[in-house]
Amino acid sequence: ATVSVLYWTASYDMVPVVLLLLVTGVRYDCWYDDGELVVAVACAACDVQVCGGRSLVATQKAGFTEVRGAVPGERLCVGSDEVVHVSSRSGTALSHIYLSNPAVVGNHNPSFLVRGIDITVSEDSGAYLKGEQYVTDINDNNGFTQNVRFQVINDNNLLFDTQPHIIGCSVNKCAGTLTAPAGTGTLFFSVAPNQYGKARVEVVAIDDGYEQPVCDGPPLDPMGNKCSVVPCNPSICTHSVPQYFWIEVIPVNDPPSFDHKGDVTSLEDQPTCHDKWATGVTPGPGEAFGTPDYQPLHWSVTTAEPELFTTPPFILYSQGANTASLCYEPAPNKVGIAHITVTLTDGGHPPLSFPTQYVSVTITEVNDPPSFTPLSAYVVVLEDSGPYDAVWARDMVPGPPEEVAAGQQLGQFLITYEDPAQSALFAKEPGIDVVTGRLQFTPRQDANTFHQPVTLKVKLEDKVVAPDAPLTSEEVTLVITITPVNDPPSYLAGEPRVVWEDEPLAAPMQWATSLCVGSIVQNTCDQSEGDKDGEAQELVFTVTPKAGDMTMFTATGMPEVDATGHVMFAVFPNKVGETKFDVTLKDTGPQPGGAWIRRCPTGSSSPLSTSTTRQASHSPQPFSCRRTLHGGGRNGGETLQGKTVEPGDSQRDDQRERRHT
């Protein structure tokens, strides 16, 4: 293009210098010539006038039209198109002059067509890269002499990672047909993750348009007084009519997801829940609990080693929670490693699952308590029945078969008294053999549990290596009853009784002492005998003639011994001599076959003897004693006779061990 470049002399004389320049557009220049505003409009033989008003002086120049006579504030038109707006003037200086419309005479707004089809894509579909020409018939309407670009805006920017945009065309490249260069008019955008909805898209084509000068008034100089160039008003000169279409992103079912703590470990025989094993549990973006798109979640857990569990692994989860627990109950005495799979599936259509997770459950061994089986909770023996030895426990094991196979050993039976004072009832305290299970004990002589049975707590202990502590079995109660039996009564016999001939009937005289309804134990009477059966026992002496002249006694004066041990008798006058009687002491204890009786009691020196003499100096002589135990023993009655007892003898030779049913 041939462009005039104007150079000013010091006297403001314009000296035109014509240069041949290659430019991409038409420029407007303005200057003052001796105080007169000159506007150069880049058009040939243009009819430039004040818009809607007077005509101006226009002179055709080389490549432009020179217009004189414009006044600051006026707008200049070519035909009906406004091309120049002269700004207000301050003094002799022109503040600005710029173009209202960048188009030269005949420049028109660009235009285009859209395919008229709204676009629908799926949530999370990513980039829209169909590569098809969505905008066609692109035209700058100025002979394809300008570049055309597209301004694309939408009312839902959050819907996109990359906002929608359309590729424009360059000068002489906008063919206006589908044969435009590849990519021309192509629509691109990228959907933001987990977003869905609709966006109204506005598309406006923008061409290059023309630029207008901005001129400053005098003083003018070759440098500072050049007109600067600014764009024209876009709404008038460069923008096409807006066109619209919709982009809709349809929601899709997102897969659920979660994080987890990985492999877990627990102890043998211990039901376990690993709290919050799974975290970040979600049915998917936008599908949370309480939202319209919420989807329930379903957990699936499988294991390749079901024999390790009574309750197989499962996920404990509450709908809407973001954590879940892994729970299970190991089978009794089972240890090892179980491999499990965990799958989380939502309730969408179709349902989607999080990738299956593979974890292991390790059940570690612990020391199990030992065990045994008692044969009975009660053991009953008779008083004075001697040592007890019988099997009471069986099936003694230190733990389950796995521990037995591993060499676990038994320790001992632990026995404690509920009342520690009852240990005094035994000469040998109860004990249980850990191998045979035999219970052994020996009651003390004359000990019984008439008032309170012996209650024992029994546990079996295993044997471990320090510092581990041994374990014990469950506690078992054992009650030992020592049934009381009726012991023979006892007493100490006195000396023979001596009276004088014709002596009046004497008052009762003490002959038997230390009367006891039971045995003499360590020189002490067993007073418990009197109330073993809930009633006090009574003592009865029986006197039976043994030897001598019994006619010396009156009919009512035969010797008798009362319950307190006093002897009474009466003799005929003029009678002298010596007699012997057997004395038997009997209690009133309950015996199926009769009461125990004692003749010639323990410690006695003689049977009851009486002697009547005429010599006042006579003194009695000791006699030996034949003793007979009559009775009603519980086995039908026994007799022990022929035992000689010397004076002072206190042995209990008239008692025998008996076992009773």
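Structure shown above.
Every value quoted in this text rests on a predicted model; they were computed, and no experiment measured them.

Conventions adopted
Residues numbered from 1 in each chain as written. Predicted model: local features only at pLDDT ≥ 70, side-chain atom pairs only at ≥ 80, totals over all residues. Heavy atoms only, no water. Disulfide = S-S within 2.5 Å. Helix = DSSP H or I, 4+ residues; strand = E, 2+ residues; numbered from the N terminus. Buried < 20%, exposed > 50% of the residue type's maximum accessible area, 1.4 Å probe, protein only. Phe/Tyr/Trp six-rings, centres within 6.5 Å; stacked < 30°, edge-to-face > 60°. Pairing = 2+ DSSP bridges. Polar contact = N/O pair within 3.5 Å; in protein donor to acceptor, adjacent residues only side chain to side chain. Contact = heavy atoms within 4.5 Å. Salt bridge = Lys/Arg side-chain N within 4 Å of Asp/Glu carboxyl O.

The next subject is the state of the cysteines. Applying the stated rule across the entire model yields two disulfides. In this model Cys273 forms its disulfide with Cys327; the gap between the sulfur atoms is 1.8 Å. On the sign convention where negative means left-handed, the S-S torsion of about 110 degrees between Cys273 and Cys327 marks this disulfide as right-handed. Taken together, the residues span a long stretch of sequence, with Cys273 in strand β26 (residues 272–282) and Cys327 in strand β29 (residues 324–330) at a distance of 54 residues. With relative accessibility at 2%, the residue Cys327 sits in the buried group.

We now examine the packing of aromatic side chains. Counted under the stated rule, the structure contains 17 aromatic pairs. Their ring planes at 65 degrees and their centres at 5.0 Å tell us that Phe258 and Trp299 sit as a pair that is edge-to-face. Here Trp299 lies in strand β27 (residues 297–303) and Phe258 lies in strand β24 (residues 257–260), a separation of 41 residues in the sequence. Judged by centre distance (5.2 Å) and plane angle (80 degrees), the ring pair of Phe372 and Phe413 falls under edge-to-face.

Before going further, it helps to spend a moment on unusual backbone geometry. With glycine set apart, most residues show a phi of negative sign, and most peptide bonds adopt trans. Going from His349 to Pro350, the amide bond is cis rather than trans, its omega being 0 degrees. Looking at where Pro350 falls in the secondary structure, it is placed in the loop between β30 (336–346) and β31 (357–364). You will see that Asn194, though not glycine, has its phi angle at about 65 degrees, which is positive. Mapped onto the elements of the fold, Asn194 is located in the loop between β19 (187–191) and β20 (197–207). The backbone phi angle of Asp269 is positive, close to 65 degrees, even though this residue is not glycine.

It is worth spelling out the sheet that holds strand β18 (residues 160–166) at this point. Pairing in this open sheet of three strands is antiparallel, and the strands run β15-β19-β18 from one edge to the other. At either margin of the open sheet sits one strand with a lone partner, and together these are β15 (127–128) and β18. The sheet contact formed by β18 and β19 spans four bridges and is antiparallel. From the neighbouring strand, Phe160 faces β19, where its bridge partner is Val191.

Neither face of strand β7 (residues 65–68) is exposed, since Thr65 and Val67 on one face and Glu66 and Arg68 on the opposite face are all buried. The pairing of strand β6 (residues 57–60) with β7 spans four bridges and is antiparallel. The residue of β7 that forms the bridge with Ala58 is Val67.

With respect to the helices, strands and loops of the structure, Asn154 is situated in strand β17 (residues 148–154). The class of Asn154 is buried, set by a relative accessible area of 14%. Polar contacts involving the side chain of Asn154 include one to the side chain of Asn157, which spans 3.1 Å. Within polar-contact distance, the side chain of Asn154 engages the side chain of Gln163 at 2.8 Å. Discounting residues that sit within four places of it in the chain, Asn154 has contacts with Phe160, Gln163, Pro164, Ala199, Arg200 and Val201.

Another aspect to go through is the pattern of salt bridges. Evaluated as defined, the whole model comprises four salt bridges. In this structure, Glu66 engages Arg68 in a salt bridge whose closest nitrogen and oxygen atoms are separated by 2.9 Å. Relative accessible area serves as the criterion here: at 6%, Glu66 is assigned to the buried category. You can call Arg68 buried: its relative accessible area is 18%. Lys546 is the partner of Asp582 in a salt bridge, and the nearest nitrogen-oxygen pair spans 3.5 Å.

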